[in-house]
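# Coordinates in review
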Amino acid sequence: RTTKPSPQGREKEMNVSCEDLLDIMKAWTGRFAGISAVDPLDPAAAEQVEKAADMGMIGICVEPTRCTECMKLNDPRVFPLYKSIERAGLLMTTTLGFNTGKNTSWNNTAFVEEISELCPEMPILITHACWPFVEELGAVAMRHPNVYLVPDCYLFFPFISTSHEQVMLFND
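Nothing here was measured: the structure is a model prediction, and the numbers come from that model.

Reading the values: rules and limits
Residues numbered from 1 in each chain as written. Predicted model: local features only at pLDDT ≥ 70, side-chain atom pairs only at ≥ 80, totals over all residues. Heavy atoms only, no water. Helix = DSSP H or I, 4+ residues; strand = E, 2+ residues; numbered from the N terminus. Contact = heavy atoms within 4.5 Å. Core = buried A, V, L, I, M, F, W, Y, C linked by side-chain atoms within 4.5 Å. Buried < 20%, exposed > 50% of the residue type's maximum accessible area, 1.4 Å probe, protein only. Phe/Tyr/Trp six-rings, centres within 6.5 Å; stacked < 30°, edge-to-face > 60°. 1 Å grid on protein atoms, 1.4 Å probe; cavity = no way out; pocket = protein on both sides within 12 Å on 5 of 7 lines; lining within 4 Å. Points joined across faces, edges and corners; volume = space filled by probe spheres on them. Nonpolar A, V, L, I, M, F, W, Y, C, P; charged D, E, K, R; others polar. Axes fitted to C-alpha atoms, helices over the stretch in contact; angles between N-to-C directions. Parallel < 35°, antiparallel > 145°, perpendicular 65-115°, else oblique. Left-handed = near helix turned anticlockwise from the far one by under 90°. Arc of directions from axis to C-beta.

## A word on the side chain of Thr 109
Assignment of secondary structure puts Thr 109 in helix H4 (residues 109–118). Thr 109 has contacts with Cys 130, Phe 133, Glu 136, Leu 137 and Val 140, leaving out every residue within four places of it along the chain.

## Comments concerning the nonpolar core
One finds Ile 60, Val 62, Tyr 82, Ile 85, Met 92, Val 112 and Met 122 to be the most contacted residues of the largest nonpolar core, which totals 34 residues. Every element with two or more residues in this core is listed here: helix H1 (18–27), helix H2 (45–54), helix H3 (79–88), strand E5 (91–97), H4, strand E6 (124–131) and helix H5 (134–143). Here this core takes 4 residues from H3, the largest share from any one element. Setting aside residues up to four positions removed in sequence, Ile 60 forms contacts with Ile 35, Ser 36, Val 38, Val 49, Ala 52, Ile 85, Leu 90, Leu 91, Met 92 and Thr 93.

## Examining the environment of Ala 33
Relative to the helices and strands, Ala 33 resides in the loop between H1 and strand E3 (35–37). In this structure, the C-alpha to C-alpha distance between Ala 33 and Gly 59, residues 26 residues apart in sequence, is 8.7 Å. Those residues in contact with Ala 33, other than ones at most four positions away along the chain, are Met 25 and Ile 58.

## What to know about the packing of aromatic side chains
Applying the stated rule across the entire model yields 3 aromatic pairs. Ring centres 6.2 Å apart and planes at 40 degrees place the aromatic pair Phe 79 and Tyr 82 in the tilted group. Of this pair, Phe 79 and Tyr 82 both sit in helix H3, 3 residues apart, roughly one helical turn. For Phe 79, a relative accessible area of 19% puts it in the buried group. Judged by its relative accessible area of 0%, Tyr 82 falls in the buried class.

## Regarding empty space enclosed by the protein
Taken as a whole, this structure holds 1 cavity of 30 Å³ or more when the rule is applied. For the largest cavity, the calculated volume is near 40 Å³. Around the largest cavity, the lining residues are Pro 64, Thr 65, Lys 72, Leu 73, Thr 94, Thr 95, Leu 96, Thr 100 and Trp 106. When the residues that make up the lining of the largest cavity are grouped by side-chain class, the tally is 4 nonpolar, 4 polar and 1 charged.

## Things to note about the packing of H3 against H4
Packed helices, taken two at a time, are described by the angle between their axes plus the distance between the axes. Between H3 and H4, the least distance of the axes is 10 Å, while the angle of their chain directions is 50 degrees. Here H4 runs oblique to H3, going by the angle between their axes. H3 and H4 meet at a crossing whose hand is right-handed. For the pair formed by H3 and H4, the contact residues are Phe 79, Tyr 82, Lys 83 and Glu 86 on the first element and Glu 114, Ile 115 and Leu 118 on the second.

## Examining H1
For H1, every residue scored as buried is listed here: Cys 18, Leu 22 and Met 25. Seen end-on, H1 carries its buried residues on one side only, within an arc spanning 60 degrees. Looking at the buried side of H1, the elements it contacts are E3 and H2.

Any link to function would need more than the numbers given here.
Set out below in structure tokens:
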């Protein structure tokens, strides 16, 4: 494990290989699915997507705000990577939430819609469900059946009411 500062000045862990993920997947067959992280600006990004697919990964994590150069989710330099993921038949996951990017304008549901239209066959999972813009992302998901919300961390915030009767909706 190594760490390096993110564009926001926080330390982040790096360098978990596809091989490490594959070892975990093999050790606990059927319990874990692998999602490999790829830096969109890496010249070998497309090859990394192919390798991940060949190894049995189910998707690629793309975090443009936390890669070698902080950029928005809809930066045109990332589009070739999205197309590679779609061609490989993998899902793409990324994080959108209140602390994504340099400021809250980087947490934009329109970016998800743009990518969804560019790659309609690629499932897109948005962790943290773009909180606090969950309703807006929900509207994007209703229009684009390849967009999925992962409502994880914000369910535990003390100012958000949750109950055992709460129902989560998923795209089919």
